[in-house]
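Here is how the chains run, residue by residue.
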Amino acid sequence: MDQQRPLLEAIYRLYENSGFAMAGAVAFSLIVSLFPFCIFLGAVASVFGGRELAAQAVEQLFAVMPKGVAEALAPQVQQIMGESRVGLLTISGLIALFFATSANETLRTALNGAYRVTETRPYIQCLSLSTFFVFLSAIAMLIITWVLVVGPNIIQLVKIPVLGSLLESGWHAGAIRYLLAAAAFGIYLLALHLWLAGGSRTLGDVWPGILLSIVLMLALAGLYSRYLQFSDYTQFYAGLSQIMVALIFFQAVAVVILLGAELNRGIMELSRASAGA
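Residues numbered from 1 in each chain as written. Predicted model: local features only at pLDDT ≥ 70, side-chain atom pairs only at ≥ 80, totals over all residues. Heavy atoms only, no water.

What is the right way to read the overall build of the protein from this model?
If you tally the helices and strands in the protein, you get twelve helices and zero strands. Walking the protein from its N terminus toward its C terminus, one meets helices and strands in the order α-α-α-α-α-α-α-α-α-α-α-α. Per-residue burial for the protein yields a buried fraction of 42% across its 277 residues. Within the protein, contacts between residues at least 6 apart in sequence are counted, and of these 80% link residues at least 24 apart. (Helix = DSSP H or I, 4+ residues; strand = E, 2+ residues; numbered from the N terminus. Buried < 20%, exposed > 50% of the residue type's maximum accessible area, 1.4 Å probe, protein only. Contact = heavy atoms within 4.5 Å.)

Next up, the structure:
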């Protein structure tokens, strides 16, 4: 029971500290920033690898989301990316970059609440950090997509039969995609907890919450897909059902991230109490 205490305490503190309400704000900001981010992703790809690579990156992004969420967002995002021709170093590109920081800024505020810290850094420093995260996320997505798209061709050229047969298998290809997504999500969480949120923490302080978030995120993606198979959101939201499917999923993702922060804070407090005893 003592081993479960930090997790149970984290769940209670998440509720007590209005974490579920903050998760709703994060979900809304994720929707708001998704489209500008994809536009900015296309601008970055036009410099490094062509817009086709950006389209494939978005396709890989939605491939690891629950089917209902992907069906709600993918057509709209693909339409926007097909119509937008924004350059990286243009006013439109900078505006897209600015609005794409919305999710990071809201996450920063929510994580500060979960860690019970007051932000002391200047706003311009926080905004610059969020902007850097957006740019880094775009580059990482393009690199992962390049690996998934070009990697199998390279393996075929160098004639590695074992790897080639693995990648030709739909099951193994899907597993590789999910493993890369989990790794990217873990690195992103590490950056959130160590650098985006206020205060000072070490890797040893944040790894329990990050591990918990990754495990819960993988479980959430699978369970939410199954839930949508028999749940009819049109009964509650009518024509807004598709966007609500995405919003509820993103709110659950935000809850998972904030729960990890609450767990880290609880373990750190217990460690300090034990050291002072």
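So much for the structure itself; the text now carries on.
Hey, could you run me through the side chain of Asn 112 in this one?
In this fold, Asn 112 is placed in helix 6 (residues 102–115). Looking at Asn 112, the relative accessible area reads 6%, which means it is buried. There is a polar contact of 2.6 Å between the side chain of Asn 112 and the backbone nitrogen of Gly 198. Discounting residues that sit within four places of it in the chain, Asn 112 has contacts with Val 117, Glu 119, Ala 197 and Gly 198. (Polar contact = N/O pair within 3.5 Å; in protein donor to acceptor, adjacent residues only side chain to side chain.)

In this structure, what is going on with helix 5 (residues 91–100)? I would like to understand it.
Count 3.6 residues to each turn of an α-helix, and residues three or four apart come out pointing the same way. Along helix 5, the residues classified as buried are Gly 93, Ala 96, Leu 97 and Ala 100. The buried side chains of helix 5 occupy one side of the element, clustering within an arc of 100 degrees when seen end-on. (Arc of directions from axis to C-beta.)

Is there a simple way to think about unusual backbone geometry in this case?
For residues besides glycine, phi is generally negative; the peptide bonds are generally trans as well. Positive phi is not limited to glycine here, since Ser 18 has a value of about 60 degrees. Inspection of the secondary structure assignment puts Ser 18 in the loop between helix 1 (5–16) and helix 2 (19–48). Here Arg 116, not a glycine, exhibits a phi torsion of approximately 60 degrees, which is positive. Take Arg 116: it is sitting in the loop between helix 6 and helix 7 (123–158).

For this particular structure, what's the right way to read the side chain of Ser 130?
Summarising the element assignment, Ser 130 is placed in helix 7. Residue classification places Ser 130 among the buried residues on the basis of a relative accessible area of 0%. Beyond its immediate chain neighbours, meaning those up to four positions away, Ser 130 contacts Thr 101, Asn 104, Glu 105 and Leu 196.

Would you take a moment to explain the packing of aromatic side chains for this structure?
Aromatic ring pairs are reported here in terms of the distance separating the ring centres and the angle at which the planes meet. Counted by the stated rule, this structure contains six aromatic pairs. Feature note: the residues Tyr 224, Tyr 227, Phe 249 and Phe 250 constitute an aromatic cluster, connected by ring pairs. (Phe/Tyr/Trp six-rings, centres within 6.5 Å; stacked < 30°, edge-to-face > 60°.)

When you look at a nonpolar patch on the surface in this model, what are you seeing that I'm missing?
On the surface, Ile 91, Leu 94, Ile 95, Phe 98, Phe 99 and Tyr 123 cluster together into a nonpolar patch covering about 650 Å² of accessible area. Among the elements that line the nonpolar patch, the one with the most residues is helix 5, at five residues. Considering the arrangement of structural elements, one finds Ile 95 in helix 5. Assessed through its relative accessible area of 44%, Ile 95 is described here as partly exposed. (Patch = residues over 30% accessible without salt bridge, like charges linked within 9 Å, V, L, I, M, F, W, Y side chains within 5 Å. Areas by Shrake-Rupley, 256 points an atom, 1.4 Å probe, with all protein chains shown as cover. Salt bridge = Lys/Arg side-chain N within 4 Å of Asp/Glu carboxyl O.)

Mind showing me how you'd approach helix 10 (residues 203–230) here?
Its 28 residues place the ends of helix 10 41 Å apart at the C-alpha level, agreeing with the 40 Å of an ideal helix rising 1.5 Å per residue. Those residues of helix 10 that fall on the buried side of the exposure criterion are Val 206, Pro 208, Gly 209, Ile 210, Leu 212, Ser 213, Ile 214, Met 217, Leu 220, Ala 221, Tyr 224 and Leu 228. (Expected span 1.5 Å × (residues − 1).)

Could you clarify how one ought to interpret the environment of Trp 195 in this entry?
Summarising the element assignment, Trp 195 is placed in helix 9 (residues 170–196). For the pair Trp 195 and Ser 130, spaced 65 residues apart in the sequence, the C-alpha separation amounts to 9.9 Å. Excluding anything up to four places from it in sequence, Trp 195 contacts Arg 121, Leu 129, Phe 133 and Leu 190.

Any chance you could explain the pattern of salt bridges here in plain terms?
Enumeration over the complete set of coordinates arrives at nine salt bridges. A salt bridge links Arg 13 to Glu 16; the shortest N-O distance between them is 2.4 Å. A residue pair is termed a helical-turn pair when its members lie 3 or 4 positions apart in one helix, as Arg 13 and Glu 16 do in helix 1 at three residues. Here Arg 13 falls in the partly exposed class, since its relative accessible area comes to 25%. The closest approach of N and O atoms between Glu 262 and Arg 116, which form a salt bridge, is 3.0 Å. Placement of Glu 262 in helix 12 (residues 241–276) and of Arg 116 in the loop between helix 6 and helix 7 is noted, with a sequence separation of 146 residues between them. Residues joined by salt bridges that share partners form a network here, namely Glu 105, Arg 108, Glu 119 and Arg 121.

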